[in-house]
Amino acid sequence: MSVARPNLVVMRREMVTVGCRMYDKGLIVAAEGNLSVRLGGHSFLVTPAGRCKGSLRVQDLLEIDTLGRSPQGTATSEWPLHSQIYALRPDVRAVCHAHPPWATAFASAGRDLDGSLLTETAAQLPRVPLAARSLPGTEALADSIVPFIPTCDAVLLGNHGVVTVGADLLSAFSLLETVERLAQVTLLAEAAAGNSGLDRETLGKLQNPSG
Ligand SMILES: [Zn+2]
């Protein structure tokens, strides 16, 4: 029995769209980040190596096998990370990896994210764990998420960035945006809590300089 493949034309258009959104929103710069979608059988649609995701064309995207091979070109060096996720999560059909600055600040400071801070994330994303630091594009990076990805749809990569998964690419991208917003609000909330304001004497002098 043949396995039904998702509509490849739609998948390619969606990947170009999500690449542009990641770039336009500043979740990646230059040639950072990568995307993938699970196709039928053991193949995946991925972004090519070394290309800006803000200017990809549908024909630039590559179909690879589980060893990262494609006759059409060189796939993203992070294909082992994507392949590892698909092996561990049969329910996942798409993966987003980016370097969003607020979330990456946490990943670089050795901190995970607590989703209980916000009503929007308390149930959906109670925690975004932090995976151990590993070199980009290595099997070690792919292995770093193994303790977390079976039960978490979003993981911080130590000193690196974020990876999110979903039932489709738009869902994985939406989660990426949510992680970034959670990181941003967490830092702003901490900054706000640390604002002790002006002392009474100084305030009195400013408000009533002649008094
Ligand atoms: Zn990266």
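Note that this is a predicted model, so its numbers are computed, not measured.

Colleague: What exactly am I supposed to notice about helix α5 (residues 169-193) here?
Modeller: It helps to recall that an α-helix has 3.6 residues per turn; residues three or four apart then point in one direction. Given a rise of 1.5 Å per residue, 25 residues ought to cover 36 Å, and the 36 Å separating the end C-alpha atoms of α5 matches this to within 8%. When α5 is considered as a whole, its buried residues turn out to be L169, A172, F173, L175, L176, T178, V179, E180, L182, A183 and T186. Capping the start of α5, D168 holds a side-chain oxygen 3.3 Å from the backbone nitrogen of L170, two or three residues further along.

Colleague: Looking at this structure, I do not really get a nonpolar patch on the surface. What am I missing?
Modeller: A surface patch of nonpolar side chains, amounting to about 290 Å² of accessible area, comprises L198, L203 and L206. A relative accessible area of 33% places L203 in the partly exposed class.

Colleague: I'm lost on the layout of surface pockets in this one. Help?
Modeller: Once rolled over the atoms, a probe with the size of a water molecule shows which space is left empty. Roughly 170 Å³ of internal volume is contained in the largest pocket. A31, G33, N34, T76 and S77 are, among the 16 residues lining the largest pocket, the residues nearest its centre. Of the residues belonging to the lining of the largest pocket, the class tally is four nonpolar, nine polar and three charged.

Colleague: Hey, could you run me through the coordination of the zinc ion in this one?
Modeller: When a metal carries six donors in an octahedron, the ideal angles between them are 90 or 180 degrees, while four donors in a tetrahedron ideally lie at 109.5 degrees. In this structure, H97 (NE2), H99 (NE2) and H160 (NE2) serve as the protein donors to the zinc ion, at separations of 2.0 to 2.1 Å. Mapping the donors of the zinc ion onto the primary sequence yields the spacing H-x1-H-x60-H. Here H99, found in the loop between β4 (94-98) and α3 (101-108), pairs with H160, found in the loop between β8 (154-157) and β9 (161-166); they are 61 residues apart in sequence, far enough to count as distant. Taking the relative accessible area as the measure of exposure, H160 reaches 10% and is therefore buried.

Colleague: Please clarify how the packing of α3 against α5 should be interpreted in this entry.
Modeller: Two quantities define a packed helix pair, namely the angle between the helix axes and the distance between the axes. Viewed as axis vectors pointing N to C, α3 and α5 meet at an angle of 70°, and their least axial separation amounts to 7 Å. As summarised for this structure, α3 and α5 are arranged roughly perpendicular, according to the angle between their axes. Pair α3 / α5 crosses with left-handed handedness. Listed contacts from α5 to P101, W102, A103 and F106 of α3 are V179, E180, A183, Q184, T186, L187 and L188. Split by residue class, the contact of α3 with α5 holds eight nonpolar, two polar and one charged.

Rules used throughout
Residues numbered from 1 in each chain as written. Predicted model: local features only at pLDDT ≥ 70, side-chain atom pairs only at ≥ 80, totals over all residues. Heavy atoms only, no water. Helix = DSSP H or I, 4+ residues; strand = E, 2+ residues; numbered from the N terminus. Expected span 1.5 Å × (residues − 1). Buried < 20%, exposed > 50% of the residue type's maximum accessible area, 1.4 Å probe, protein only. Polar contact = N/O pair within 3.5 Å; in protein donor to acceptor, adjacent residues only side chain to side chain. Patch = residues over 30% accessible without salt bridge, like charges linked within 9 Å, V, L, I, M, F, W, Y side chains within 5 Å. Areas by Shrake-Rupley, 256 points an atom, 1.4 Å probe, with all protein chains shown as cover. Salt bridge = Lys/Arg side-chain N within 4 Å of Asp/Glu carboxyl O. 1 Å grid on protein atoms, 1.4 Å probe; cavity = no way out; pocket = protein on both sides within 12 Å on 5 of 7 lines; lining within 4 Å. Points joined across faces, edges and corners; volume = space filled by probe spheres on them. Nonpolar A, V, L, I, M, F, W, Y, C, P; charged D, E, K, R; others polar. Donors = N, O, S within 2.8 Å, 3.2 Å for Na, K, Ca; no water. Axes fitted to C-alpha atoms, helices over the stretch in contact; angles between N-to-C directions. Parallel < 35°, antiparallel > 145°, perpendicular 65-115°, else oblique. Left-handed = near helix turned anticlockwise from the far one by under 90°. Contact = heavy atoms within 4.5 Å.

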